[in-house]
Amino acid sequence: MSIALSVIIPIYNEEDSIEKLYERLKHVVSGLDVSHELIFVNDGSHDRSMELIRKLSGRDSSVRYIDFSRNFGHQIAVTAGLDHCSGEAVVIIDADLQDPPELIGEMYARMQEGYQVVYARRRQRRGEGVLKRWTARYFYRLLAKITSIEIPVDTGDFRIMDRRIVEVLRKMPEQEKYLRGQIAWAGYRQTFVEYDRDGRHAGRTGYTLRKMYRLALDGITSFSTAPLKFATALGFIVSMAAFFASLYVLYVKFISHNAVPGWASLMLVVLFLGGVQLICIGIIGEYISRMSANVRSRPLYVVRDLNL
Ligand code: UDP
Ligand code: MG
């Protein structure tokens, strides 16, 4: 049986938001008047979240849940939801009501205009610390600069997408998940709606600085080889500098005769080796980047339509 709309909600210690979230979501989804399922993915919460979800599922048969054995992280929780959803359209939404469920109506309508992904773009963020806002702002811009695919700036995972996108994501078995990048990678027609992001409804952020750092690194390493190119470029620059420094060393040794015995040979060896080492690291890096592309084993292409 196919369902029109699946909503995936990752949950990590959200006991104070779940009821309210459910009510608002249910209101919006009922308003759309389509068959639906709400998939709660409990990512190893330590509070009463799971108990509340079970209660909801007892009351409402459209509430489904996946309960993780421990905390695996937000991106993995969403992935589990994607693996198990069956909607023609799929929404990913945070549980803390920072993503207003009311926006789903507008996103759903945009999708009917012929888009396969409609993401929600934050115009403003309220109730979040300077550090979070600042790191998010610059990180997304940096990432957009160094990747070849267009990962939209100022967006979280709040979005609606077509079944076809979900199928592509299921074919991307990579371990490091950076869903925003993967969805951008999938292509098709993508657009956005804008909104102001509120502060959390209740509770505390589950994204510690450490988790944010890991997500950022996953985003960069999964979608860019820029850091590697930087190492290679540095190798060549250092080698060039070493070459000119060597000329100077030779000058001091043979023309101005100011060299302390042993200095010249030592300098030459150090300079030469430094350059060689950096270049070799760059070469190894090129192989590693190709290996990691193979290990990720993404599909090579995604077909929109064909006539064979
Ligand atoms: N979350 C999760 N696992 C985690 C951390 C967070 O499933 O390890 C969920 C959390 O319950 C919320 C969403 O991911 O629904 C976004 O997390 P949070 O609001 O803490 O992040 P922030 O909005 O501060 O970036
Ligand atoms: Mg949040």
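Residues numbered from 1 in each chain as written. Chains lettered and ligands numbered in written order. Predicted model: local features only at pLDDT ≥ 70, side-chain atom pairs only at ≥ 80, totals over all residues. Heavy atoms only, no water.

A.B. asks: Account for the coordination of the magnesium ion (ligand 2), with residues named and values stated.
C.D. replies: On the protein side, the magnesium ion (ligand 2) has Asp96 (OD) and Gln98 (OE1) as donor atoms, found 1.8 to 1.9 Å from it. An identical accessibility class is assigned to Asp96 and Gln98; each is buried. (Donors = N, O, S within 2.8 Å, 3.2 Å for Na, K, Ca; no water. Buried < 20%, exposed > 50% of the residue type's maximum accessible area, 1.4 Å probe, protein only.)

A.B. asks: Would you mind going over the pairing of strand S1 (residues 3–11) in detail, with residue names and values included?
C.D. replies: Among the nine residues in S1, nine count as buried, and that is most of the element. Bridge count between S1 and strand S4 (residues 87–92): five bridges; the pairing is parallel. Paired with Ser6 across the bridge in S4 is Val90. Pairing analysis gives seven bridges linking S1 to strand S2 (residues 36–42), with the strands arranged parallel. Residue pairing in the sheet places Ile8 in a bridge with Ile39 of S2. After leaving S1, the chain enters helix H1 (residues 18–32) and then returns to the sheet as S2, a path that is right-handed. (Helix = DSSP H or I, 4+ residues; strand = E, 2+ residues; numbered from the N terminus. Pairing = 2+ DSSP bridges. Right-handed = clockwise from strand over helix to strand, strands pointing away.)

A.B. asks: Summarise the nonpolar core; cite the residues concerned and give the values.
C.D. replies: If you look at the biggest cluster of nonpolar residues, it comprises 36 residues, and the most contacted ones within it are Leu5, Ile9, Phe40, Phe158 and Ile160. Beyond its immediate stretch of four places on either side in the chain, Leu5 contacts Val29, Leu32, Val34, Ser35, His36, Glu37, Gly87, Ala89, Val91, Tyr108 and Ile160. One finds Val78, Tyr119, Leu179 and Ile183 within the second-largest nonpolar core, a separate group that totals 24 residues. (Core = buried A, V, L, I, M, F, W, Y, C linked by side-chain atoms within 4.5 Å. Contact = heavy atoms within 4.5 Å.)

A.B. asks: Break down the sheet that holds strand S7 (residues 190–197) for me, with residues and values.
C.D. replies: Pairing is mixed in the open sheet, where seven strands are placed in the order S3-S2-S1-S4-S6-S5-S7. Either end of the sheet is taken by a strand with one partner, and the two such strands are strand S3 (63–67) and S7. Going from strand to strand, the sheet's axes swing by 20 degrees on average, the running direction of each strand aside. Where S4 meets strand S6 (residues 155–162), four bridges bridge the pair, whose relative direction is antiparallel. Residue pairing across strands places Ala89 opposite Asp162, the latter belonging to S6. On top of the sheet, helix H3 (residues 74–84) reaches S1, S2, S3, S4 and S6; it is set at about 155 degrees to S1, its chief contact. Together, S1, S4, strand S5 (117–125), S6 and S7 form the strand contacts of helix H4 (residues 103–112), whose direction differs from that of S6 by roughly 50 degrees. (Axes fitted to C-alpha atoms, helices over the stretch in contact; angles between N-to-C directions.)

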